[in-house]
Amino acid sequence: MTALRMKDAFRRGDAVTLTVEGRSVMAHRGETLAAALLAAGMARLRHSPRDFSPRGAYCFMGVCQECVVRVDGVLRQSCQVPVEDGLVVELKGSL
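What counts and what doesn't
Residues numbered from 1 in each chain as written. Predicted model: local features only at pLDDT ≥ 70, side-chain atom pairs only at ≥ 80, totals over all residues. Heavy atoms only, no water. Helix = DSSP H or I, 4+ residues; strand = E, 2+ residues; numbered from the N terminus. Buried < 20%, exposed > 50% of the residue type's maximum accessible area, 1.4 Å probe, protein only. Contact = heavy atoms within 4.5 Å. Pairing = 2+ DSSP bridges. Axes fitted to C-alpha atoms, helices over the stretch in contact; angles between N-to-C directions. Salt bridge = Lys/Arg side-chain N within 4 Å of Asp/Glu carboxyl O. Core = buried A, V, L, I, M, F, W, Y, C linked by side-chain atoms within 4.5 Å.

**Concerning the overall build of the protein chain**
Moving on, step 1. Per the secondary structure count, the protein chain includes one helix and seven strands.
Moving on, step 2. Order of helices (α) and strands (β) in the protein chain, N terminus to C terminus: β-β-α-β-β-β-β-β.
Moving on, step 3. Burial analysis of the protein chain (95 residues in total) assigns 33% to the buried set.
Moving on, step 4. Pairs at least 24 apart in sequence give 41% of the contacts found in the protein chain among residues at least 6 apart.

This is the structure:
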């Protein structure tokens, strides 16, 4: 999957760098973590604990909890986390 961020569509916040599964990912202040991950081509964020089916951001407003990942060691809904420089995100085995 290619990156989904639109180029030159509007003014963005300052660039920040996240670490996702040990890989550096660029994002912009003002984005949620879920949006930044999707823009970087990461649609699958975790697996269902019941049947191991892939899960990703669904509602983007904090209702469904499908986008839960581990952020700096704590389980968080990625659609509710504003990106900050230096965030460490774990996708595999989040739950």
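**Thoughts on the sheet that holds strand β5 (residues 68-71)**
Moving on, step 1. On the basis of which strands lie adjacent, the open sheet formed by five strands has the order β2-β1-β7-β5-β6 and mixed pairing. Edge positions in the sheet fall to β2 (23-28) and β6 (74-77), since each of these pairs with one other strand and no more. If you compare each strand with its neighbour and ignore which way they point, the axes differ by 40° on average.
Moving on, step 2. Bridge count between strand β1 (residues 15-20) and β2: six bridges; the pairing is antiparallel.

**Structural notes on the environment of Leu91**
Moving on, step 1. Structurally, Leu91 can be placed in the segment after β7 (88-90).
Moving on, step 2. The class of Leu91 is buried, set by a relative accessible area of 10%.
Moving on, step 3. Separated by 49 residues in sequence, Leu91 and Met42 have C-alpha atoms that sit 9.7 Å apart.

**A few points about the pattern of salt bridges**
Moving on, step 1. On inspection of all chains with the given rule, the structure shows three salt bridges.
Moving on, step 2. For Arg46, the salt bridge identified is with Glu66, shortest N-O distance 3.4 Å. Residue Arg46 is located in strand β3 (residues 46-47), and its partner Glu66 is located in the loop between β4 (54-55) and β5; the two are separated by 20 residues in the primary sequence.
Moving on, step 3. In this structure Arg46 comes out as buried when scored by relative accessible area, which is 8%.
Moving on, step 4. Here Glu66 ties to Arg55 by a salt bridge, and the two come within 3.0 Å at their closest N and O atoms. One end of the pair, Glu66, is in the loop between β4 and β5; the other, Arg55, is in strand β4, with 11 residues separating them in the sequence.

**Some points on the nonpolar core**
Moving on, step 1. In this structure, Leu18, Val20, Leu33, Leu37, Val69, Val83 and Leu91 are the most contacted members of the largest nonpolar core, which totals 20 residues.
Moving on, step 2. Of all elements in the fold, only β1, β2, α1 (33-39) and β5 reach the threshold of two or more residues within this core.
Moving on, step 3. Ranked by the residues each element gives to this core, the list is headed by α1, at four residues.
Moving on, step 4. In contact with Leu33, other than residues within four places in its own chain, are Leu18, Val69, Val71, Ser78, Val81, Val83 and Val89.

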